[in-house]
Amino acid sequence: MKILMVNGSPRGEKSNSMEILRLVESLLPAEADIDYINTGEKKSKVPDLNEYSTLVFAYPLYIDALPGSMLGWMEACEKDEKGRNPVLNVYALANCGFWEGKQNHIALDMVGSFCRRLGLTWKGGGGIGTGEMILGLKDVPRQAGIRRPIFNLLNDIAREIMMSGENPEPGNEIRLYTQHAFPWILYKYSGEAGWRKQARKNRIGRRAIFARPYI
Amino acid sequence: MKITMIYDSREEEAGRITGEVEKWTLSQGYELLSFDSGTREVSHCIGCFGCWLKTPGVCIHKRDEGEDFLKAVISSDYVLRVSRIVYGGFSTSVKNYTDRLLPLIHPYFERRDGQMHHKPRYKKYPGLLSLGWGAFDEIEEGTFSALSRANQINFFQSDLKAPLILRNREGEIGEWLVREAV
């Protein structure tokens, strides 16, 4: 089984999306042969998708859809004839900074459409909310309650990848949505406190965060 | 009324469509500011959050049209995104311009439409209009409509405008603009 992990985050290696791909890798058998691509890198190439049995996208939600840099890589795949592999199983894992994992649904639909255009096999995927906590909780044990919904989702996806069973009927692909086991209101308050802390490091005070430079 | 339009002149249909929009806005006496992502690409958003935490409201990229686009958008009554439909969304060059609108939004959160969204930075925002063509199938058309709606919610609109998905019927652009923008 040869797997291509495609990180669609413009932040590259130090991103929540890259961490999601590493977590998926850790849930796959050690003998899985895995290559990585970062679409945010200027030199990211279009690979020969015929070399792979599985492609896993992980990416952040940008204005309700895919980041522009990831979209550019996908359009390049579409233009390149090497992208047509009807037995390539494609999975997508979208994450967003909002609490609700379901807000990623359009971004998942878009990968499905990419697959239909290129004649790839769209298997489905998952949408993860509270995305900024993925790296933030990296050192917290996986069994911890707060992380459990995320690992349940990633375990389900990893299991699907390994089984690579019958292709789903169009419209019946896997769709899993979740977020960390952390209350909405606490996520809001802790997220905003996090912004203020980072802003202070840049000597930006509470009021300055509200600047309106283009009035 | 002031409208900011973003399109990619490299797209085959773009010339005809933007020509019709220009003709319509002229006939109405409206001001139209056009940005062509085909001749003036912007750097893609790198997700650095500089526009929230280093230079609030201002993007760190200074060497392209991004800032001019932001200024045009926030001072307009409507923003019209004209794009070939790609996987149910906008094309790469138009999406790169869209991503660079993040400085207009505040990092803090609030509940709207039953879900978490970012708070507004400004008191007033333009209406977001989307015009697309070339969808692969009905599923992509549905995704484009859903995306148009989601973007409008994230850009603080309560009065949601339907996107125009072109099917090459004569006069449909003008009719849609009258229905949604006037």
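Residues numbered from 1 in each chain as written. Chains lettered and ligands numbered in written order. Predicted model: local features only at pLDDT ≥ 70, side-chain atom pairs only at ≥ 80, totals over all residues. Heavy atoms only, no water.

Colleague: Mind showing me how you'd approach the packing of helix α2 (residues 68-79) of chain A against helix α3 (residues 105-118) of chain A here?
Modeller: The angle between the axes and the distance between the axes are what describe a pair of packed helices. Residues and elements named next belong to chain A. Interaxial distance between α2 and α3 falls to 10 Å at its minimum, and their mutual angle equals 15°. One finds that α2 runs roughly parallel with respect to α3. α3 is crossed by α2, and the crossing has right-handed handedness. On the side of α2, the interface is formed by M70, L71, M74, C77 and E78, while α3 contributes M110, V111, F114, R117 and L118. The residue inventory of the contact of α2 with α3, partitioned by class, reads eight nonpolar, no polar and two charged. (Axes fitted to C-alpha atoms, helices over the stretch in contact; angles between N-to-C directions. Helix = DSSP H or I, 4+ residues; strand = E, 2+ residues; numbered from the N terminus. Parallel < 35°, antiparallel > 145°, perpendicular 65-115°, else oblique. Left-handed = near helix turned anticlockwise from the far one by under 90°. Contact = heavy atoms within 4.5 Å. Nonpolar A, V, L, I, M, F, W, Y, C, P; charged D, E, K, R; others polar.)

Colleague: I'm lost on unusual backbone geometry in this one. Help?
Modeller: Phi is mostly negative for residues that are not glycine, and the peptide bonds are mostly trans. Phi is positive for I63 of chain A, close to 45°, though the residue is something other than glycine. Positive phi values are uncommon outside glycine, yet F156 of chain B reaches one of about 70°. When you line up the elements, F156 of chain B lands in the loop between α5 (138-154) and β7 (164-165).

Colleague: What exactly am I supposed to notice about the interface of chain A and chain B here?
Modeller: Put simply, an interface is often sized by how much accessible area is lost when its parts join up. In this complex, chain A contributes 47 residues to the contact, which on the side of chain B involves 57 residues. With both sides pooled, the region where chain A packs onto chain B buries about 4700 Å², and carbon together with sulfur makes up 61% of that total. Linking chain A to chain B there are three salt bridges. The shortest N-O distance in the salt bridge between D137 of chain B and R116 of chain A comes to 2.7 Å. Across the contact surface, chain A and chain B share 29 residue pairs in polar contact (both at pLDDT 80 or more). At the level of secondary structure, the elements contributing two or more residues to the side of chain A that touches chain B comprise α2, α3 and α6 (184-201) of chain A. (Buried area = accessible area lost by both parts, 1.4 Å probe. Salt bridge = Lys/Arg side-chain N within 4 Å of Asp/Glu carboxyl O. Polar contact = N/O pair within 3.5 Å; in protein donor to acceptor, adjacent residues only side chain to side chain.)

Colleague: Looking at this structure, how should I read the pairing of strand β1 (residues 2-7) of chain B?
Modeller: Successive residues of a regular strand alternate their side chains across the two faces of the sheet. Residues and elements named next belong to chain B. Among the six residues that make up β1, six are buried, leaving the element largely enclosed by the rest of the structure. Burial along β1 is two-sided: the face carrying K2, T4 and I6 and the face carrying I3, M5 and Y7 are both buried. Read as a crossover between parallel neighbours, the route from β1 over helix α1 (residues 14-28) to strand β2 (residues 31-36) is right-handed. Two strands pair when backbone bridges link them, and β1 and strand β3 (residues 78-84) are joined in this way by four bridges, in the parallel orientation. If you follow T4 over to β3, its bridge partner there is V79. (Buried < 20%, exposed > 50% of the residue type's maximum accessible area, 1.4 Å probe, protein only. Right-handed = clockwise from strand over helix to strand, strands pointing away. Pairing = 2+ DSSP bridges.)

Colleague: Honestly, the pattern of salt bridges in this entry has me stumped. Any pointers?
Modeller: When their charged atoms lie close together, side chains carrying opposite charge are able to pair. Residues and elements named next belong to chain A. Applying the stated criterion to the full structure yields 27 salt bridges over all chains. The residue R11 makes a salt bridge to E132 at a minimum N-O spacing of 3.5 Å. Of the two residues, R11 is situated in the loop between β1 (2-7) and α1 (16-26) and E132 in the loop between β5 (121-128) and α4 (133-136); the sequence distance between them amounts to 121 residues. Several salt bridges converge on common partners, so that one network encompasses E13, E19, R22 and K138.

Colleague: In this structure, what is going on with the side chain of R121 of chain B? I would like to understand it.
Modeller: Residue and element names in this part refer to chain B. Note that R121 resides in the loop between β5 (115-120) and β6 (127-133). Despite its burial, R121 pairs with no opposite charge; the closest candidate is E67, at 12 Å N-O. Reaching out from R121, the side chain makes a polar contact with the backbone oxygen of P103 at a distance of 2.9 Å. (Lys, Arg positive; Asp, Glu negative; His and termini not counted.)

Interpretation note: all reported values are geometric properties and have no functional meaning in isolation.
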